[in-house]
Amino acid sequence: FFQKTLTAVKSWFTLFGWSKGQNPISVPHSLRCDVCIVQLTVTPEKSFKRKVDKDKGFYEMLVHLNGQAIPGIAASQSLPSDPVERMFQLHWQHSELISFLRSQGAHLSHVMPEFLLAPEDYKIWTEVNTGLRVGSMRSSVRLSGRPLFILEHRAFETVSKRAWTDVLLQIYKVFVLPRVSCRAVPDPSSLESLHNMPGIKSEPLCSNVYSRYERTVLIWLNKQYEKYRKIVWKDSQRGGIPPMRWIVNFDQDLLDGLVLAAQVAAYCPYLIPTHFIKMYTNPRTQEQLLHNSLILVKALHSINLDIDVKV
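Remember, it's a predicted structure, so these values are computed and weren't measured experimentally. (Residues numbered from 1 in each chain as written. Predicted model: local features only at pLDDT ≥ 70, side-chain atom pairs only at ≥ 80, totals over all residues. Heavy atoms only, no water.)

Within the structure shown, the criterion is met by 10 aromatic pairs. For the ring pair W12 and F13, a centre distance of 5.0 Å and an interplane angle of 75° mean the geometry is edge-to-face. Here Y210 and F250 contribute two aromatic rings whose centre-to-centre distance is 5.2 Å and whose plane-to-plane angle is 80°, an arrangement assigned as edge-to-face. Residue Y210 is located in the loop between α7 (188–191) and α8 (212–232), and its partner F250 is located in the loop between α8 and α9 (258–267); the two are separated by 40 residues in the primary sequence. Looking at F250, the relative accessible area reads 30%, which means it is partly exposed. Here the aromatic residues W12, F13, F16 and Y172 are joined through ring pairs into a cluster of three or more. The aromatic ring of Y280 is capped on one face by R238, whose charged end is 5.2 Å from the ring centroid. (Phe/Tyr/Trp six-rings, centres within 6.5 Å; stacked < 30°, edge-to-face > 60°. Helix = DSSP H or I, 4+ residues; strand = E, 2+ residues; numbered from the N terminus. Buried < 20%, exposed > 50% of the residue type's maximum accessible area, 1.4 Å probe, protein only. Lys NZ or Arg CZ within 6 Å of the ring centre and 35° of its normal.)

Written as C-alpha cells, this is what we have:
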C-alpha cells in the first residue's frame, strides 16, 4: 500500500510540482539533495559547486504550489562548509518547513526535522546529540529537549522515505486540494434524479476520512455521473444504461471505470463513439473490469493526457 502511495506521489510531483515542466524526483534521495540548492565553498582555493537548475529546487516547488516562499528561507542559499554548522542549518530549515506546513493545516506531528536529513547529516546529528562530536560553537547544545531516538542506517532510510512521502502528501493537501471550489453550483438537470439518493455534505466536520475539498469532488462526481451515464451509454450494446450509484469513495466506487469515463466524456464527448460505448456497463468478471480500464486508459492517451495511470 505504501509503495503504491509513494509511486502515485512521485508521479504527481514529477509532472505537476514545478512551474517549468516535468522534473523527475526520487523519494527521499533527490529531495534531500534539492533542499540544498546552494554553492558549497570548501576552501578559498577549492570550491564545490553543485550545478542545479534553480527552477527545479524543492523550495522553488513550494513557491510554485503555494504562491509564496516560506518565511525566512530563500529558494537558493548557501550552506556553511563546516559539516556540523551545515547540519544545524539544514535541521533549522526542516524545522521551519514542518512548522510552516503545520500552520497551514498539515498533520506532521510524527515527522521530526532530523528524519528529513541526509544519512551523513543524520549521523552528525546523532553524534552531536550524544556528545560524540565536539568542536562547534553549538555542538554542545542539544537540538531539542525531546527524548532521543537513534536509528540505525537501514531503519533511518525507511523512516526518512516515509517522512518525505508524508511531507509531500501534506503539501498536496494544504496547497493543491484547497484549489477545489466549494461553490458547488446545483445543476437542475442532474439534481432531479438525485433526490432519492443520500447527499454528501461538504462541511468540515462531516467526515473523519475526507476533507471538505475531497467531499466537494465526490459531490461533483455524483452529479456528473448521474447526468452523463444516460448520455454516454444510451446506445450501449454491452449492458445498456448503467444503474444509478452513490459515489462515496475514491477507490471501490471507481473500480469499473464507468464513473471516470463519464467525467472524461463530459469534456470530450467525441470519445463516446470511439471508446466509451464499448465499455461493459454492468461488469461482473475481472476480464470485463480489465476491458473497461483498458478503454479508459486508451482514451486518456488519445487526448495526450499521459499521467502514467496503469490499467
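Having seen the structure, we can now continue with the description.
So, about the environment of G105. Tracing the sequence through the fold places G105 in the loop between α4 (83–103) and α5 (119–129). A C-alpha to C-alpha distance of 6.3 Å links G105 and V174, two positions 69 residues apart in sequence. Ignoring any residue separated from it by four or fewer positions in sequence, one finds G105 in contact with K173 and V174. (Contact = heavy atoms within 4.5 Å.)

Time to look at the packing of helix α1 (residues 2–16) against helix α3 (residues 58–66). Interaxial distance between α1 and α3 falls to 11 Å at its minimum, and their mutual angle equals 80°. By the angle class used here, α1 and α3 are roughly perpendicular. Here α1 contributes W12, F13 and F16 to the contact with α3, which in turn contributes M61, H64 and L65. Looking at the contact of α1 with α3 residue by residue, the class counts come to five nonpolar, one polar and no charged. (Axes fitted to C-alpha atoms, helices over the stretch in contact; angles between N-to-C directions. Parallel < 35°, antiparallel > 145°, perpendicular 65-115°, else oblique. Nonpolar A, V, L, I, M, F, W, Y, C, P; charged D, E, K, R; others polar.)

Turning to unusual backbone geometry, a few remarks are in order. In this model, V27 is joined to P28 through a cis peptide bond whose omega is 5°. Within the secondary structure, P28 is located in the loop between α1 and α2 (29–34). A positive phi angle, close to 60°, is found at N304, a residue other than glycine. On the secondary structure map, N304 appears in the segment after α11 (286–302).

Attention now moves to the pattern of salt bridges. In total, this model carries six salt bridges according to the counting rule given. Salt-bridge contacts for E226 lead to R229; the nearest nitrogen and oxygen are separated by 3.0 Å. Within this pair, E226 and its partner R229 are both found in helix α8, separated by three residues, close to a single helical turn. Here E226 and R229 have matching classes, each one buried. The partner of E226 in a salt bridge is K230, and the shortest N-O contact between them spans 3.6 Å. Of the two residues, E226 and K230 are both situated in helix α8; the distance of four residues between them amounts to about one turn of the helix. It is possible to trace a salt-bridge network through shared partners that takes in E226, R229 and K230. (Salt bridge = Lys/Arg side-chain N within 4 Å of Asp/Glu carboxyl O.)

The next point concerns the packing of α4 against helix α6 (residues 153–176). Between α4 and α6, the shortest axis-to-axis distance is 11 Å and the interhelical angle comes to 40°. When the axis of α4 is compared with that of α6, the two are oblique. Handedness of the α4/α6 crossing: left-handed. Between α4, through H94, F100 and L101, and α6, the contact on the second element is made entirely by W164, V167, I171, V174 and F175. (Left-handed = near helix turned anticlockwise from the far one by under 90°.)

Moving on, we get to the environment of Q170. Note that Q170 resides in helix α6. Taking the C-alpha atoms as reference points, Q170 and A106, 64 residues apart in sequence, are found 5.4 Å from one another. If sequence neighbours within four positions are ignored, Q170 has contacts with A106, H107 and L108.

Attention shifts here to a nonpolar patch on the surface. Nonpolar side chains collect at one region of the surface, where F16, L305, I307 and V309 lie side by side and expose about 310 Å² of accessible area between them. With respect to the secondary-structure elements, V309 resides in the segment after α11. You can call V309 partly exposed: its relative accessible area is 41%. (Patch = residues over 30% accessible without salt bridge, like charges linked within 9 Å, V, L, I, M, F, W, Y side chains within 5 Å. Areas by Shrake-Rupley, 256 points an atom, 1.4 Å probe, with all protein chains shown as cover.)

What follows is about the nonpolar core. F13, F58, L101, L168 and I171 are the most contacted members of the largest nonpolar core, which has 32 residues in total. If you list the elements that add at least two residues to this core, you get α1, α3, α4 and α6. Take this core: its biggest share by element is eight residues, from α6. Among residues more than four places away in sequence, those in contact with I171 are F13, F58, M61, L62, L65, L101 and V176. (Core = buried A, V, L, I, M, F, W, Y, C linked by side-chain atoms within 4.5 Å.)

So, to be careful, I would describe these as geometric facts and stop short of saying anything about function.
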